[in-house]
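# Observations on chain architecture
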There are 2 protein chains.
Amino acid sequence: MTVRGEHRWLRRLLAGLEGSSRAVPVGPGDDAAVLRAERRPLVITTDALHEGVHFRDGWASWPQLGRRALRACLSDLSAMAAAPRASLLALQVPRGMPERDLNAFARAFAAEGRRHGAPLVGGNVSRGARFGATATLLGILPRQTVTRAGARPGDAIFVTGRVGGMAVAVRARRAGRRVPLPLPPVRLAAGMALAGLASAMLDVSDGVVQDLGHLCRASRVGAELDMARLPLAPACRRLGVAGRALAATGGEDYELLFTVPARRLPRLARVRLGCRVTRIGTILPGRHVRVLDGGRVLHLRREGFDHFG
Amino acid sequence: MTVRGEHRWLRRLLAGLEGSSRAVPVGPGDDAAVLRAERRPLVITTDALHEGVHFRDGWASWPQLGRRALRACLSDLSAMAAAPRASLLALQVPRGMPERDLNAFARAFAAEGRRHGAPLVGGNVSRGARFGATATLLGILPRQTVTRAGARPGDAIFVTGRVGGMAVAVRARRAGRRVPLPLPPVRLAAGMALAGLASAMLDVSDGVVQDLGHLCRASRVGAELDMARLPLAPACRRLGVAGRALAATGGEDYELLFTVPARRLPRLARVRLGCRVTRIGTILPGRHVRVLDGGRVLHLRREGFDHFG
């Protein structure tokens, strides 16, 4: 952990965090953190939150952004059916950023990590022209994992929670309206409950249509998506047809998109996911995603979704 | 792993990397990477390399910067006596950066990781005003770890290799002279060999004087440092007295600074570290670092080194 020129701030921040424990024999403040050995396979992922790219000044409070950075990364663990164990945070700090804002961000990130089983064990601080945070999360697999690559023709496609809330909020913010950005949901329990049940899974970070394309590409299948079935966030539903398009193509909902073979559907009905799930389509053979949108049918090549980004 | 709008580049890059293996059942390209279970404690660290902060445009080639980003982070594992297992890379990419430069950086990072036991298993790509790379390294402890906190009065202080090379190169670059930036050394074997032998250890990222202060603070001791004993990099030695000051306060040498109790010095003489080691001082009681510099003696409070940064 190198923090050239930022040692005093970091020492003050670390004083407010936990020290070492049985699970974390060496916590923040040394060259690296040490975690106890785990008997299960490890899961590791990294995600970034940059001002000017993922949010703009004033869109959310610093504590909200800290929680958001942790939860967006946590979503990748959920999508692997993993249980969180530890978090790391690399910050870029513009000159003149008040220490209280930096503390508010870092403490909210750490508190959110602790709440979900991933205490902050290390990090890094550098200067930057704009604020940026790169989160890394380490977890384990309590059961087997679920990758993007197991979907087969005939599998049903589901999504957790509701989608489109973030896309509507970002559109409103860009238009100058002060609406709150929704916080990414925590789908850890759902992810772990789907191990052994879902044939493929990922989190909706790029939008339902694009992420379904990623799943189909990894699984070498096609799909049919019924837009009318998309579970829309309330703010999205109020926009009518435009809301449906936003929900399908907008990103950062961080819900789970997963597929289940027909024979396992009765088990899915019995398992507790802790959130709503909605069937939105079916896996098909081939290389295309057929999108049913009212009377229209769009045929999209599964490779061809980057233009939605 | 979210790479909104960058999927095609990332797919092309991943095609050039390894896929899954026994050690990495799920490699790059899914929501997170899965690594096999380890019987030993885990070590994790993160470090950043940003244009405009850690280097300027033209100071080094993209492959050199990729290797540098990996090695700087690897140095934190060396300092914990850890063995590398996996690496992750979060990139910030300015608009218009040629794909060949991005590939050159990422491929060199991945090749360097593979060479030292840490294959690239995941990452993230975002837009940024300037190029930036945040590396995360995961390792295990083959034996016990060595923290910053175990030094006791009477312990001898050592440094591996030679110091000051980076400080001289950065000074020359800032003055417009095209000298190569030295690549951080790899001290993994030395770090692991020092487990059970060194009482405290860290890597020299902020400069010998400042990093000795970190070690003293964590160990609650003082120290005496003899500047005349500092093993200077050749470019540094040529500068005479000014070179010695640069070597003591300049950062990013990434050598190991460690302490050894007197009773273990015979064992240190027998162990193979794969590099030179030089005794540069002695741990003392108290809260000060006494720096012997020719005829002068400087008394520095161990907490007071931030102004060197």
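Predicted model, so just to flag it, every value in this text is computed and none were measured.

### Considering the environment of A:P261
Residue and element names in this part refer to chain A. With respect to the secondary-structure elements, P261 resides in the loop between β9 (256–260) and α9 (265–270). Sequence separation between P261 and M201 is 60 residues, and the spatial gap between their C-alpha atoms is 12 Å. Ignoring any residue separated from it by four or fewer positions in sequence, one finds P261 in contact with R152, D155 and S199.

### Thoughts on the sheet that holds strand β1 (residues 33–35) of chain B
If you trace the 5 strands from one edge of the open sheet to the other, you get β4(A)-β3(A)-β5(A)-β2(A)-β1(B), paired in mixed fashion. Strands with a single pairing partner mark the edges of an open sheet, and in this sheet they are β4 (120–127) of chain A together with β1 of chain B. Averaged over all pairs of adjacent strands, the angle between their axes in this sheet comes to 20 degrees, without regard to strand direction. When strand β2 (residues 42–50) of chain A meets strand β5 (residues 132–140) of chain A, the two strands line up antiparallel, connected through 9 bridges. By the bridge assignment, A:A48 is partnered in β5(A) with A:T134. Where helix α2 (residues 62–78) of chain A meets the sheet, its contacts fall on β2, β3 (83–93) and β5 of chain A, and the angle it forms with β2(A) comes to roughly 145 degrees. Lying on the sheet, helix α3 (residues 99–115) of chain A is in contact with β3 and β4 of chain A; it crosses β3(A) at an angle near 170 degrees.

### Description of the sheet that holds strand β2 (residues 42–50) of chain B
Strand order across the open sheet formed by 5 strands is β1(A)-β2(B)-β5(B)-β3(B)-β4(B), with mixed pairing between neighbours. Each edge of the open sheet is held by one strand with a lone partner, namely β1 (33–35) of chain A together with β4 (120–127) of chain B. Strand-to-strand twist across the sheet, computed as the mean angle between neighbouring axes with direction ignored, equals 20 degrees. Summarising the sheet, strand β3 (residues 83–93) of chain B and β4(B) pair through 7 bridges and their orientation is parallel.

### Remarks on the domain arrangement of chain A
Residue and element names in this part refer to chain A. Each assigned domain of chain A is listed with its residue range as follows: domain 1 (7–140) and domain 2 (156–308). Domain 1 and domain 2 are separated by 27 Å when their C-alpha centres are compared. Tallying the contact residues gives 15 residues for domain 1 and 17 residues for domain 2. Per-element accounting of the side of domain 1 that touches domain 2 gives the leading share, 9 residues, to α2. The residue inventory of the side of domain 1 that touches domain 2, partitioned by class, reads 7 nonpolar, 4 polar and 4 charged.

### Overview of the interface of chain A and chain B
Each partner contributes to the interface: chain A provides 61 residues, whereas chain B provides 61 residues. Looking at the side of chain A that touches chain B, its residues break down into 26 nonpolar, 19 polar and 16 charged. Here β1(A) pairs with β2(B) via 3 bridges, running antiparallel. Opposite A:L35, over in β2(B), you have B:L42 as the bridge partner.

### Considering the packing of α2(A) against α3(A)
All names here are of chain A. Axis separation between α2 and α3 bottoms out at 7 Å; the angle between their running directions is 40 degrees. Viewed along their axes, α2 and α3 adopt a mutual orientation that is oblique. α2 and α3 meet at a crossing whose hand is right-handed. Listed contacts from α3 to W62, P63, L65, G66, R67, A69, L70 and R71 of α2 are D101, A104, F105, A106, A108, F109, E112 and G113.

### Here we look at helix α4 (residues 165–174) of chain B
Residues and elements named next belong to chain B. The set of residues buried in α4 consists of G165, M166, A167, V168, A169 and V170. Taken together, the buried residues of α4 touch α7 (234–237) and α8 (241–249). One or two steps after α4, the chain reaches G176, where phi turns positive at roughly 90 degrees.

### A look at the relation of the copies chain A and chain B
In summary, the two copies of the chain are related to each other by a rotation about an axis coupled with a shift along it. Structural alignment of chain A on chain B gives an RMSD of 0.0 Å, achieved by rotating through 180 degrees and translating 0.0 Å along the axis. Here the symmetry operator amounts to a two-fold rotation axis. Looking at chain A, 100% of its interface residues are interface residues in chain B too, so the copies touch through the same face.

### Points about the environment of B:S205
Counting through the fold element by element, B:S205 comes out in the loop between β7 (200–203) and α6 (208–219). Between the C-alpha atoms of B:S205 and B:V271, which are 66 residues apart in sequence, the distance is 25 Å.

### Examining the pairing of strand β6 (residues 156–160) of chain B
All names here are of chain B. Of all 5 residues that make up β6, 4 are buried, and the element is covered over most of its length. Here 4 bridges tie β6 to strand β9 (residues 256–260), and the two strands are oriented antiparallel to one another. Each residue of the ladder has a partner; that of F158, found in β9, is F258. Examined bridge by bridge, β6 and strand β10 (residues 277–284) share 5 bridges and lie antiparallel to one another. Across the sheet, T160 pairs through a bridge with V277, a residue of β10.

Parameters and conventions
- In every chain, residue numbers begin from 1 and rise along the written sequence.
- Here the convention is simple: chains get letters from A, ligands get numbers from 1, in the order in which they are written.
- Only residues with pLDDT of 70 or above have their local features reported here, since the model is predicted, and side-chain atom pairs are shown and tallied only from 80 upward, although totals for entire chains, interfaces and linings are computed over all residues.
- Here a strand is any run of E in DSSP of at least two residues, a helix any run of H or I of at least four, and the numbering for each starts at the N terminus.
- Once C-beta atoms have been placed from the backbone, residue pairs whose C-beta atoms lie within 7 Å are recorded as contacts.
- What makes two strands pair is DSSP finding at least two bridges between them.
- Working convention: axes come from line fits to C-alpha atoms, limited for helices to the stretch in contact. Angles between N-to-C directions cover 0 to 180 degrees.
- All domain edges in this entry derive from an automatic or database-based domain assignment.
- Gly counts as polar in this scheme, as do all residues outside two lists: the nonpolar Ala, Val, Leu, Ile, Met, Phe, Trp, Tyr, Cys and Pro, and the charged Asp, Glu, Lys and Arg.
- Every angle not falling under 35 degrees, over 145, or within 65 to 115 is termed oblique; those three ranges are roughly parallel, roughly antiparallel and roughly perpendicular.
- Definitions for this section: a left-handed crossing has its near helix turned counterclockwise from the far helix by less than a right angle. A right-handed crossing has that turn clockwise.
- Neighbour density around each residue's C-beta defines its exposure: 20 or more other C-beta atoms within 10 Å make it buried, 12 or fewer make it exposed, and counts between make it partly exposed, where C-beta atoms are placed from the backbone.
- A least-squares superposition brings the copies together, and it is based on the C-alpha atoms of residues with pLDDT no lower than 70 in both.

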